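Listed below, chain by chain, are the residues.
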Amino acid sequence: MFSALRHLLAYLRPYRLEVSLLLAGLLIDLAFNVLFSLSFQYVIDEAIAKHDEALLYTILVALLAAVVFAAAVAIMRDYLYARLGTAVMNDLRLRMFEHLQRLSNNFYTRMQVGDILARFSTDLSAVQNAVILAIPETILGILGVTTIATLLFIFSWQLALLTLIGLPFATLGPQVLGPRAERDSYLVRHEEAQIASTVQENLGAHAVVRAFQLAPEQTNRFRYKLRSLYRIGVRFNLTTYLVERTPNLTFLLLQIAVFGFGAVKTFHGELSLGELVAFNILLGYLSTYVTALTRVMPPLLMAAGGIKRIQELLGARPQVQEKPGAQVLAPLGRAITFEDVTFSYTGEHKNLDRVNLTIPRGTNVAIVGASGSGKSTVLGLLARFYDPDRGAVAFDGIDVRGASFDSLRGQLGIVFQDSFLFNTTVRENIRMGRLTATDEEVEAAARAAEIHDLIAGMPEGYNTVVGERGSRLSGGQRQRVAIARAILRDPQILLLDEATSALDPTTEAAINATLERLGRDRTVVAVTHRMAATRVADLILVFDKGRLVEQGSQTDLLRADGLYRKLWNKQQGLVVSEDGTRAEVEPERLRAIPILSNLSDTMLAAVARTFLSERLPEGRVVILEGDTTVEKFYIVARGKVVVLKRQEDGSDKQIATLQEGDHFGEVALLRDAPRNATIRTLTPCILLTLQRRQFLELIQSDPRLHREFDSVVRSRVHPVTLA
Ligand SMILES: Nc1ncnc2c1ncn2[C@@H]1O[C@H](COP(=O)(O)OP(=O)(O)OP(=O)(O)O)[C@@H](O)[C@H]1O
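Quick notes on the rules
Residues numbered from 1 in each chain as written. Predicted model: local features only at pLDDT ≥ 70, side-chain atom pairs only at ≥ 80, totals over all residues. Heavy atoms only, no water. Near = heavy atom within 4 Å. Polar contact = N/O pair within 3.5 Å; in protein donor to acceptor, adjacent residues only side chain to side chain. Helix = DSSP H or I, 4+ residues; strand = E, 2+ residues; numbered from the N terminus. Nonpolar A, V, L, I, M, F, W, Y, C, P; charged D, E, K, R; others polar. Phe/Tyr/Trp six-rings, centres within 6.5 Å; stacked < 30°, edge-to-face > 60°. Buried < 20%, exposed > 50% of the residue type's maximum accessible area, 1.4 Å probe, protein only. Lys NZ or Arg CZ within 6 Å of the ring centre and 35° of its normal. Patch = residues over 30% accessible without salt bridge, like charges linked within 9 Å, V, L, I, M, F, W, Y side chains within 5 Å. Areas by Shrake-Rupley, 256 points an atom, 1.4 Å probe, with all protein chains shown as cover. Salt bridge = Lys/Arg side-chain N within 4 Å of Asp/Glu carboxyl O.

Caption draft 1: Geometry of the site of the ligand. Around the ligand there are 15 residues in total, and Ser371, Gly372, Lys375, Ser376 and Thr377 lie nearest to it. The separation between an oxygen atom of the ligand and a polar side-chain atom of Lys375 is 2.8 Å. Here Thr377 contributes a side-chain N or O atom positioned 2.4 Å from an oxygen atom of the ligand. For the shell around the ligand, the leading source of residues is helix α13 (residues 375–382), giving 3 residues. Of the residues belonging to the shell around the ligand, the class tally is 3 nonpolar, 9 polar and 3 charged.

Caption draft 2: Expanded view of the packing of aromatic side chains. Inspection of the entire model under this criterion finds 9 aromatic pairs. Measuring from centroid to centroid gives 5.4 Å for Phe343 and Tyr386, while their planes differ by 50°, and the two rings are tilted. Note that Phe343 is positioned in strand β1 (residues 335–343) and Tyr386 in the loop between α13 and β4 (390–395), a separation of 43 residues in sequence. The class for Phe343 is buried, based on a relative accessible area of 3%. Aromatic pair Phe611 and Phe633: ring centres 6.2 Å apart, planes at 65°, arrangement edge-to-face. Of this pair, Phe611 sits in the loop between α23 (601–610) and β13 (612–616) while Phe633 is found in strand β15 (residues 632–638), placing the two residues 22 residues apart along the sequence. Through a chain of ring-to-ring contacts, the aromatic side chains of Phe32, Phe36 and Phe40 assemble into a single cluster. For Arg409, the ring lying beneath its charged end belongs to Phe405, and the centroid distance is 4.4 Å.

Caption draft 3: Representation of a nonpolar patch on the surface within the structure. A grouping of Phe153, Trp157, Leu161, Leu164, Ile165, Phe169, Leu172 and Val176 is seen on the molecular surface, where their side chains present a nonpolar patch of about 780 Å² in accessible area. Of all the secondary-structure elements, those providing two or more residues to the nonpolar patch are α7 (157–170) and α8 (172–204). Per element, the largest residue contribution to the nonpolar patch is 5 residues, and it comes from α7. Of note, Ile165 is situated in helix α7. Residue classification places Ile165 among the exposed positions, given a relative accessible area of 53%.

Purely spatial values, then, with no claim about function.
Given below as structure tokens:
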């Protein structure tokens, strides 16, 4: 609690003037309350008892004037509260937002978006409550209690002593229950953030939820999270009410005791009637101040959890930082090198293992390998989104860790598979490549990315707003805007991370041609899982489980008959129609699938004809773990899918990703069995599917094949393949 208060006061530090005026206002408020109490003594003992009418009216007029003045001051205080609350919140929002810009990629993979957003919403509003309500009430409470306690001593030391002995009991409740409530407050905030994350995920997945009738399952998951919030919420609310309630109760008892004792003293003439009344009114104010102090407990406790979570965010250190006095990197002259680079995202296993490579300036380099082999990680280290655990990434021999961010990233233009477009105009989206670019330069970049004519043809031209994440543009158009953005930087080095793999073949070919042209005279490093796209590369780097296992030109690598050749073969025989809507598999390609490898040519041709194409958007569940109704075998003709395994805590763990040429669900051709993993599309996909019923009909039409297949079934039923 004290650390939360310390942080709250730190948030208020830039507003010393406003806080001083507020304090002055609070003192005036207190002074009025004291004067009001004392006036009773004078009215009763001096004016009424002594029949002094002039004094009576003087006191009443003075009181009226004081009320008007105190009310004016109270309005000024309200204004200051309003200003302070809003200003402090905006300061915090800005600090958090700025800090988020500095944090490294690892933070974003670790944190859920909903959790971060909750820190900006519910946590901040709890802090706002504390600033607006709790801080002034606490200050007024403390000032009030001390001033009034002193005055009480002046009236009657015995009564005051009695009050002061009783007062500590009022703090027992908060002392005992406060720390527990503070801990629970953090938990409540955490649970609320979890709920925000679940809602956010559900909103993003609404199409999948509807298509797969997952609403009851999703609602159950949500209900489970609500139950957890309910448990902690009830405990927290009860504890905070008790924190508030116990002092009130103690105070009531105390008030009765003091009043009784005072009444007896007045009866015996040891205290005047006016003094007794004034004393009791002061006591009433004391009670108000103590109550005010206890009333601030719930919002303060609530804010304590929020402040802790905000401070956690502000305290997160960027993993990758610019060194003080970092060197300005000259434009790349000779080569980018990886010198014995080892890197792990989580420390559990190496995602890059002792990688040595050289990318000479001006070359076109392709990075290939199975999904998860570390291709994108190479780009991440090159752009210094991460730092290697061992070894170094160097530009012309200079370790990038010693270089300034601007001079390193200023040389790079990056196009991702799904480049983010902001919900603003096309012009502004492109200009984000270089904020100082003129409109003419923006248009020149759009021309280079071959999207100028299309933009110019739109009713609002470059001022067309692209919608959330660029939703008003097609995938190909979005990608061209992203390329224009990268080109606007006129980068020496172009990094392409699967820049065209989510597009249909015609658009992909067109954009690849654009990129090929734009890549001339630049250094291009392109991650791709499409082997055909490596044809233009001067150098191909082949990765396997984080290691660079082969490198050379396409001709060399095909001749070498190693991993590259294997990956190449896997993608042969899968033909996608130009508009990217259908796919076919060539019979010979099916021979690479163990379960079909022994079929005759005629049968393979028949099986190949039986395959159907399915187009699925990103994020669609193809197979659900435990489902027994899916009777299909799948080949990925386009795109990427992820294999997920349900964990004991109900979450899904990613165990593999499969890409073009990979297959899954082989076991569905053999027998009924619950699927042992969930398969979900990571990108838009075209899947080739083979229905068990149709497949078996084909097989059964030929008794010889039927016998052959039976023996395959018997030999393969045990080692169950994926899903
Ligand atoms: N932010 C991250 N945190 C933890 N592990 C990660 C992270 N990013 C990637 N990985 C893991 O590191 C490994 C290499 O990932 P990387 O993205 O470089 O592979 P890739 O070859 O580009 O795969 P793909 O073709 O599927 O994009 C994978 O096992 C992946 O699961």
